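Observations on the three-dimensional arrangement
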Amino acid sequence: ELHSGERKRVAGISTATTRAASSGIKVKNTGRVVFVGFAVDRKDVSTQEIISLNVEDKPIQRFHYGDYAALPGKKYEYTVRRMIKAKSSYASSSKFVAYGLPIVVKVSTEDPSKGKHGIYFNRGAAGSKAYSELFGEYRKHHLVKKFGFSQWKSFINPRSIPDPEKSNEALAWLSRGLEEALLQFISQATGKEYQLLAAVYEFTHKESIQALASAVERGVGVKIVRHCKGSYHTHVNRNDIVKDKSGNVVKDWIPDDTTEAAKKAIDAVGFQSLKHARVWQHDTFIERKHSAGIMHNKFIILVRNGKPVQVWTGSTNLTDGGFYGQSNVGHIVRDDDVATDYLEYWERLARDLPGRKRSSKIENDNEHGPMDELNERQQSNLEGHITSPSINVIFSPRKTTDMLQWYADQMGYAKSSVHYTAAFGVAQPLAEILNQVQSKGTPKLEVGLRRSPRIARRCKGKEAGDNMLRYVLLDNKPSEHSSEKRHHSKDGYIDYYDFKDVRENRIAFGAILSTADDDDTNGESLTGLDTFVDYIHTKYMIVDALTEHPMVITGSANFSEASTDKNDENSLVIQGDTSVADIYLTEFMRLFDHFYSRDKYNELVANKASRKGPAWGEVVADESWLRPYFDSSSQLYRERLLLR
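Predicted model, so just to flag it, every value in this text is computed and none were measured. (Residues numbered from 1 in each chain as written. Predicted model: local features only at pLDDT ≥ 70, side-chain atom pairs only at ≥ 80, totals over all residues. Heavy atoms only, no water.)

**Section: the overall build of the protein**
For the record, the criterion: Under the DSSP-based scheme used, a helix requires at least four consecutive residues in state H or I and a strand at least two consecutive residues in state E, with every element numbered from the N terminus. In what follows, residue pairs with any heavy atoms lying within 4.5 Å of each other are defined as contacts.
Each helix and strand in the protein was counted, giving 18 helices and 25 strands. Residue pairs at least 24 apart in sequence account for 73% of intrachain contacts in the protein once pairs closer than 6 positions are excluded.

Structure, rendered in structure tokens:
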């Protein structure tokens, strides 16, 4: 029995449904039928309900498949059959029919409310046909300025839907359990024996803020370290510069937008009890002013009777955009040792220690920093290969960017696959790895791969050099103009335009379907809740996801220099946990496929004059769809071998 590892709505893509279907089907044409794809049915074991997963009875023309309507903690049986072109003798109105004996795959989905890890991804695909079909009547057009350019965009903002029931439905659809999981995590703190110790960057999501305020009312000890940065500006009164009695120019401290927005959200909370209101305003928040960069953490520690027992972390800012817009993950670790590590780090943040600069009055004083030195004292930089299974927690800032190089090294050590998300571009150490062609004759395919004995025997002795795939998911397509400027100003600079055609790299970036003209009434729309990052905000990398010893790196830290040696950040390095790897892999492929298909469709729209053959996404009524899966120069060939 295979386990998909998906938290909600996914029954397995490569870890369950896909691998079984791919390895079990022999693609051989007998000359009597035309093989046009697969038919997949899903049976809920508890209810015995059976549904077809083929849209409009069309064949699935690919060698991996994800079911994103499965529920957590359930048992399913998937029946996979070949589909062929229907002959006139078939009593069916469909052009295609299922044919031959089925393969049955049993799948058990994970329950994230149990076990050491609870992992929750939001929808992260607001710009989808499904969202537009459900809530398109509430679409509004706005003139938006971004990256210095103004353009018209359509948004379906769930907060702006006038019907409360519909608004809540849209919010729940977009959150996909992420918001609900955080609120449930907070609600575990039921009384005075509990503490909730948080460190937050953006802090405007009213449901999360209200949940924390309600915890204060329950008597929970709530302490929140929050980002607090700004700058000094000359005080001006009626166009005159104000000076003090000594003749010095008076300067006012002006908070940055993130700090100001959080303060307004905090002040908007009301309490029935004046006592609780005072606790909220004067004894809950700790301003983090002396970080070397930004206080970019997004974690909460659950403490019971003085003992840290759980931690919520991940990429999710406590904002509407974090829950209902861009892709994000919330990751609960129910482990005393990990929670204790976070508590030690939180206590340093709460003292507002300097990020990198040591006080001139203090020498070798653990109480007063700097943070980079104390963080490395708590957890030294990882080196080489690490113990499996294990969980290492990496806190920033650090004295050097050596950990960033270590992450790049892990990418370079990959035996079979890398899956990597990059919200803000690709740092140079990782770009250098992505720019390399995998050498032949390196790791063997059978080494450590979680394959059936039959597939393992078939792979024995074959080399992995020609089958490595590195999947990269970017928030947007990088600017060619910016790339040219950086290449001109920096010797040896490497970016997307250097590594995009490397045979091992399969790359997608966030996008919605383009329309042929300005009328996008029936097109796809985002929520409009994100001001900078629209699509991909996660920060994780999976190395050799389908082996016995996969590595998952996840947290608040982008794989960048600033997130390593300047910002306050946290990352989990999880080695050898196949369940965690399966969940992250499944969610990665869900979004990768979603955006990759849009990227290809938009290319066709942009090059309409040169387009030949069927439109993108149309069913091919012959066996030509199979060719790239058996062409050794194709990435789909590599993917078929990886996921079988």
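Further notes follow.
**Description of the sheet that holds strand β19 (residues 390–396)**
In plain terms, the rule: Two strands qualify as a pair provided that DSSP identifies no fewer than 2 bridges between them. The convention used is that axes are lines fitted to C-alpha atoms, helices contributing only their stretch in contact, and that angles between N-to-C directions extend from 0 to 180 degrees.
Strand order across the open sheet formed by seven strands is β19-β25-β24-β23-β20-β21-β22, with mixed pairing between neighbours. Both outer strands of the open sheet, β19 and β22 (505–509), are each paired with one neighbouring strand and no more. Along the sheet, successive strands turn relative to each other by an average axial angle of 10°, direction set aside. Strand direction decides the pairing type here: strand β20 (residues 417–422) and strand β23 (residues 540–543), joined by three bridges, are antiparallel. Pairing of Val 418 across the sheet is with Val 543, part of β23.

**Concerning the nonpolar core**
This is how the line gets drawn: By nonpolar core is meant a set of buried Ala, Val, Leu, Ile, Met, Phe, Trp, Tyr and Cys residues that side-chain atoms within 4.5 Å join together. Working definition: with a 1.4 Å probe on protein chains only, accessible area under 20% of the residue-type maximum means buried, over 50% means exposed, and in between means partly exposed.
Counting 52 residues, the largest nonpolar core has Phe 299, Ile 301, Tyr 342 and Tyr 584 as its most contacted members. The element contributing the most residues to this core is helix α17 (residues 578–606), with 11 residues. Contact partners of Ile 301, with chain neighbours within four places excluded, come to Gln 195, Leu 196, Leu 197, Pro 308, Gln 310, Val 311, Ala 339, Tyr 342, Leu 343 and Trp 346. Leu 212, Ala 213, Phe 271 and Trp 280 belong to the second largest nonpolar core, which has 46 residues in total.

**Brief notes about the side chain of Arg 288**
Filter applied, for reference: Within 3.5 Å is the distance limit for a polar contact, defined as a pair of N or O atoms, with the added protein rule that one can donate a hydrogen and the other accept it, and that residues adjacent in sequence qualify only through two side-chain atoms.
Its place among the elements puts Arg 288 in strand β15 (residues 285–288). A polar side-chain atom of Arg 288 sits 2.8 Å from a polar atom in the side chain of Asp 352. Excluding residues within four positions of it along the chain, Arg 288 makes contact with Val 225, Arg 226, His 227, Cys 228, Met 295, Leu 349, Asp 352, Leu 353, Gly 355, Met 371 and Asp 568.

**Structural notes on the packing of helix α5 (residues 206–217) against helix α7 (residues 274–282)**
Note the cut-off: The scheme is simple: roughly parallel for angles under 35 degrees, roughly antiparallel for over 145, roughly perpendicular for 65 to 115, oblique for anything else. Note on convention: near helix rotated counterclockwise from far helix by under a right angle means a left-handed crossing. Clockwise means right-handed. Following the grouping adopted for this structure description, the nonpolar residues are Ala, Val, Leu, Ile, Met, Phe, Trp, Tyr, Cys and Pro, the charged ones are Asp, Glu, Lys and Arg, and the polar ones are all others, Gly among them.
Running from N to C, α5 and α7 point in directions that differ by 125°, and their axes come no closer than 9 Å. It follows from the interaxial angle that α5 and α7 lie oblique. The way α5 lies across α7 gives a crossing that is right-handed. In this structure, α5 uses Ile 209, Leu 212, Ala 213, Val 216 and Glu 217 to contact α7, whose residues at the interface are His 276, Val 279 and Trp 280. A breakdown of the residues in the contact of α5 with α7 according to their chemical character gives six nonpolar, one polar and one charged.

**So, a nonpolar patch on the surface**
Applicable threshold: A residue counts toward a patch only above 30% relative accessible area and without a salt bridge, and it is joined to like-charged neighbours within 9 Å or, for Val, Leu, Ile, Met, Phe, Trp and Tyr, to nonpolar neighbours within 5 Å. All accessibility values rest on the Shrake-Rupley procedure with a 1.4 Å probe; residue burial counts only the protein chains present in the view. We define a salt bridge as a side-chain nitrogen of Lys or Arg found within 4 Å of a carboxyl oxygen belonging to Asp or Glu.
The grouping of Phe 147, Phe 149, Phe 424 and Phe 532 at the surface amounts to a nonpolar patch, some 480 Å² of accessible area in total. With respect to the element layout, Phe 424 can be found in the loop between β20 and α12 (428–434).

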